[in-house]
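Secondary and tertiary structure notes
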Amino acid sequence: MKGIYLDHASSMPVDPRVLEFAQPYLRKSCGNPSSLHSVGLKAKRALEEARGKVAGLINAEEPESIIFTSGATEANNLAIKGTALRNANKGKKVVASAIEHISVLNPMKELQKGGFQFNLVPVDYTGIVDMGQLREIISGDTVLTSIVLANNEIGTIEPIREIAEVVHERGLYLHCDATAAAGRIPINVQASGIDLLTLSSNDFYGPQGTGALYIRPKVRVQPILPGGGQERGLRSGTENIFAIAGMGEAARIAQTEMGEESKRLKRMRDKLISEILKIEEAYLTGHPTERLPHHASFRFSRIEGESILLNMDMRHKIQVATGSACSSKTLEPSHVLLAIGLKHEEAHGSMVITLGRSNKAEEVPIIVDAVQETVERLRRMSAL
Amino acid sequence: MAQIGYSKKVLDHFMSPRNVGTIQNADGYGKVGNPVCGDLMEMFIKVKDDIITDIKFKTFGCGSAIATSSMVTEMVKGMSIDKAMKVTRNDVADELDGLPPQKMHCSNLAADALHEAIKDYRRRQAKGDQVPTPEVGE
């Protein structure tokens, strides 16, 4: 039996076209973009071409607005610590939504230890940021506000344009973590008023271990990784040309194919949601309409998420994700599920499906049957 | 494929759990854990001449919660209650060829549930009266 992979938010296979495009930079002479000889120049050209492609995906002002990093975690760290520390003379307050990724929350906690004020903005039960609270919390001394463009656990897409207006009216800069959204929905940093934006290569079929931070021209950021001064001095270290060239090509392909692919996945997703919600005591988590086209997330009463994941994997060869405590390193349920108001016992029963290019419409009934069997089987042995 | 560091035995007990269910008119009943923490176990025993003649469980929880429940029932069926009282959490984990370290505490409650059921049986014996089995899923 062939497996069905439904955990594209965790990791994706690299697109074969991306691999083919980037392979020469690994197999043949790679060159260091900082070298002035011809081989170095070739690497430099590949680097700049990739920068242009990534800038294109989000409609950045210029390719130089893109700083390549080792991934979304580093990009989030650079955005938060780099911006807050560089602009500390303008204020010492940072703000984030309660459903940010841990790589946004933890750098903010670190800033808090260093004397910054750190406030969380709550979200409603669908995961949308509370605009009234946002307005109240952001003040003149708020140098950086970080709001996720779309959350990877519940799929909710934030009204980022409205959020940007509030942030700029009252505070200074807006950072958006677009890890889950990029390549899935159109992003226009200029039209949306986004000052900094995090991207992850592997989240749109590029190589792992690479990401980027968009920084709007004239926004001042200081490096968190000082050294040889690569990437305009903001990210030292010899560039990983293979991965960066791959990320660029992946961005180009995503930009070209996003429209059709999103429509296709959305049809599958809507069918999955309507069928799975027919199961007794099954509930959608996140927003019913304002959600990523490939994203379907649920919770089931009286059963636990790690058991769901295991049963789906072992019995049905279908890989899903969960926000259950038992699947995490901290043994705490997902802070995102708690932030949308779920009780601990409700958050334990979560299941997240993220579709991708390999998924086919004919898989929908197979997935639905597997979920039904899993829920029934686990409920039969449940003490609840 | 080894998920989250589970041994083959854990996965086997998760996939084909032994002794799932309830016992009508059980001689002893134990319940441990808390749905808030993500694990809740119920253990039902039948005892004759101080020997556990039948045992069943119901568990809400993760893979290791289900596997440890299943394993403990297999270990103590046919065992004297004195001996069964001495079965520890570690014994259960050992029989399963170990549990991932983070699972040793939270989801390794099966021995506790068994002990509660035995204590319940002894209380009933001491009173000499019939305590009705609590409603399942209470």
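Residues numbered from 1 in each chain as written. Chains lettered and ligands numbered in written order. Predicted model: local features only at pLDDT ≥ 70, side-chain atom pairs only at ≥ 80, totals over all residues. Heavy atoms only, no water.

**Here's the deal with the packing of helix 3 (residues 38-57) of chain A against helix 9 (residues 241-276) of chain A**
Residue and element names in this part refer to chain A. Between helix 3 and helix 9, the shortest axis-to-axis distance is 8 Å and the interhelical angle comes to 30°. On the basis of the axis angle, helix 3 is roughly parallel to helix 9. Helix-helix and strand crossings are classified by hand; for helix 3 and helix 9 the assignment is left-handed. On helix 9, the residues that touch Ala43, Ala46, Leu47, Ala50, Lys53, Val54, Gly56 and Leu57 of helix 3 are Ile241, Ile244, Ala245, Met247, Gly248, Glu249, Ala251, Arg252, Ala254, Gln255 and Met258. Looking at the contact of helix 3 with helix 9 residue by residue, the class counts come to 13 nonpolar, three polar and three charged. (Axes fitted to C-alpha atoms, helices over the stretch in contact; angles between N-to-C directions. Helix = DSSP H or I, 4+ residues; strand = E, 2+ residues; numbered from the N terminus. Parallel < 35°, antiparallel > 145°, perpendicular 65-115°, else oblique. Left-handed = near helix turned anticlockwise from the far one by under 90°. Contact = heavy atoms within 4.5 Å. Nonpolar A, V, L, I, M, F, W, Y, C, P; charged D, E, K, R; others polar.)

**Considerations on helix 7 (residues 160-170) of chain A**
Residue and element names in this part refer to chain A. All of the buried residues in helix 7 are Ile160, Ile163, Ala164, Val166 and Val167. Taken down its axis, helix 7 places every buried residue within 165° of arc, on the same side. Exposed and facing more than 90 degrees away from the buried side of helix 7 are Arg161, Glu165 and Glu169. (Buried < 20%, exposed > 50% of the residue type's maximum accessible area, 1.4 Å probe, protein only. Arc of directions from axis to C-beta.)

**Overview of the pattern of salt bridges**
All names here are of chain A. The final tally for this structure, using the stated rule, is 31 salt bridges over all chains. With a closest N to O distance of 2.9 Å, Lys278 and Glu275 form a salt bridge. Residue classification places Lys278 among the exposed positions, given a relative accessible area of 60%. If you follow the salt bridges from partner to partner, you end up with Asp15, Arg17, Glu257 and Arg357 in one network. (Salt bridge = Lys/Arg side-chain N within 4 Å of Asp/Glu carboxyl O.)

**Points about the sheet that holds strand 9 (residues 282-284) of chain A**
Residue and element names in this part refer to chain A. The three strands are arranged 9-10-12 in an open sheet whose pairing can be described as antiparallel. Of all the strands in the sheet, just strand 9 and strand 12 (350-354) have a single pairing partner and so form its edges. Strand-to-strand twist in this sheet, taken as the mean axis angle between neighbours without regard to direction, amounts to 25°. Here five bridges tie strand 10 (residues 295-300) to strand 12, and the two strands are oriented antiparallel to one another. Following the sheet pairing, Phe298 is matched in strand 12 by Met351. Across the sheet, helix 9 is in contact with strand 9, strand 10 and strand 12; its angle to strand 10 comes to roughly 10°. (Pairing = 2+ DSSP bridges.)

**Things to note about the confidence of the model for chain B**
Residue and element names in this part refer to chain B. Across chain B, the average pLDDT comes to 88, with 88% of residues at or above 70. Looking over chain B, one finds the lowest element-wise mean pLDDT in helix 5 (residues 103-106), namely 75, and the highest in strand 3 (residues 51-60), namely 96. Reported confidences for the modelled complex are a pTM of 0.92 and an ipTM of 0.88. (pLDDT = per-residue confidence, 0-100.)

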